[in-house]
Amino acid sequence: MEPQAQGLLETQSLHEADEDVVTDVDFTNMISEEEKEELKIELAKLEDEISTLRQVLAAKEKHLVEIKQKLGISLMNELKQNFSKSWHDMQTTSAYKKTHETLSHAGQKATAAISNVGTAISKKFGDMRLPSP
């Protein structure tokens, strides 16, 4: 059976996912029948609690969506805000600042070099136009 997702919730029981981890170990001979029954009761309680928590979380997620709709917060607005915040956070890192500084300096040097080449070319064209006396 393939796990299904409901929003952010997984519907696959935890014990099913964990069974793969302990398939090679047989614990049944290590515990008494009384302990087995206690563990089965505890397991049922935990599964019930997990189910309840999933239901509560789903209700809260639904309520969250309703509030966002009332406030006019759309998915696009959230993405823009997240992108802006991430961009700002990235710009404040020391790696970004160093890279920006290095590239800015390189850009200034490249601009100066291109300007010098342009000046030299202009001078050559100017020399070619002047008639020799």
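Residues numbered from 1 in each chain as written. Predicted model: local features only at pLDDT ≥ 70, side-chain atom pairs only at ≥ 80, totals over all residues. Heavy atoms only, no water.

1. Brief notes about the overall build of the protein
In terms of regular secondary structure, the protein is built from four helices and two strands. Ordered by position in the sequence, the α and β elements of the protein form the string β-β-α-α-α-α. Within the protein, the fraction of its 133 residues that count as buried is 1%. Carbon and sulfur atoms provide 60% of the accessible area of the protein, an area that totals close to 12,200 Å². (Helix = DSSP H or I, 4+ residues; strand = E, 2+ residues; numbered from the N terminus. Buried < 20%, exposed > 50% of the residue type's maximum accessible area, 1.4 Å probe, protein only. Areas by Shrake-Rupley, 256 points an atom, 1.4 Å probe, with all protein chains shown as cover.)

2. A few points about the packing of aromatic side chains
How two aromatic rings sit relative to each other is set out by the distance from centre to centre and by the angle between their planes. Under the criterion given, the structure shown has one aromatic pair. For the ring pair Trp87 and Tyr96, a centre distance of 6.1 Å and an interplane angle of 75° mean the geometry is edge-to-face. For Trp87, a relative accessible area of 40% corresponds to the partly exposed category. (Phe/Tyr/Trp six-rings, centres within 6.5 Å; stacked < 30°, edge-to-face > 60°.)

3. Some words on a negative patch on the surface
On the surface, Glu34, Glu35, Glu38 and Glu42 cluster together into a patch of negative charge. Looking at where Glu38 falls in the secondary structure, it is placed in helix H2 (residues 33-71). (Patch = residues over 30% accessible without salt bridge, like charges linked within 9 Å, V, L, I, M, F, W, Y side chains within 5 Å. Salt bridge = Lys/Arg side-chain N within 4 Å of Asp/Glu carboxyl O. Lys, Arg positive; Asp, Glu negative; His and termini not counted. Charge placed at Lys NZ, Arg CZ, Asp CG, Glu CD.)

4. Examining the confidence of the model for the protein
Per-residue confidence for the protein gives a mean pLDDT of 82, with 76% of residues at or over 70. By mean pLDDT, the top-scoring element of the protein is H2 (95), and the lowest-scoring one is strand S1 (residues 5-6) (48). In the model, residues 1-6 has pLDDT below 50 throughout and makes five contacts with residues more than four positions away in sequence or in other chains. (pLDDT = per-residue confidence, 0-100. Contact = heavy atoms within 4.5 Å.)

5. As for the pattern of salt bridges
Side chains bearing opposite charge may pair, as long as their charged atoms lie close to each other. Summed over all chains, the structure comprises three salt bridges. For Lys36, the salt bridge goes to Glu33, with nearest N and O atoms at 3.4 Å. Of this pair, Lys36 and Glu33 both sit in helix H2, three residues apart, roughly one helical turn. In this structure Glu33 comes out as exposed when scored by relative accessible area, which is 54%. Between Lys68 and Glu78 there is a salt bridge, and its shortest N-O distance comes to 2.7 Å. Placement of Lys68 in helix H2 and of Glu78 in helix H3 (residues 75-91) is noted, with a sequence separation of 10 residues between them. Judged by relative accessible area, Glu78 falls into the partly exposed class, the value being 22%.

6. Some remarks on H2
Residues spaced three or four apart along an α-helix point in a common direction, a consequence of the helix completing one turn every 3.6 residues. Across its 39 residues, H2 extends 57 Å between first and last C-alpha, which sits within 8% of the 57 Å expected from 1.5 Å per residue. Downstream of H2 by one or two residues, Gly72 has phi in the positive range, about 75°. (Expected span 1.5 Å × (residues − 1).)

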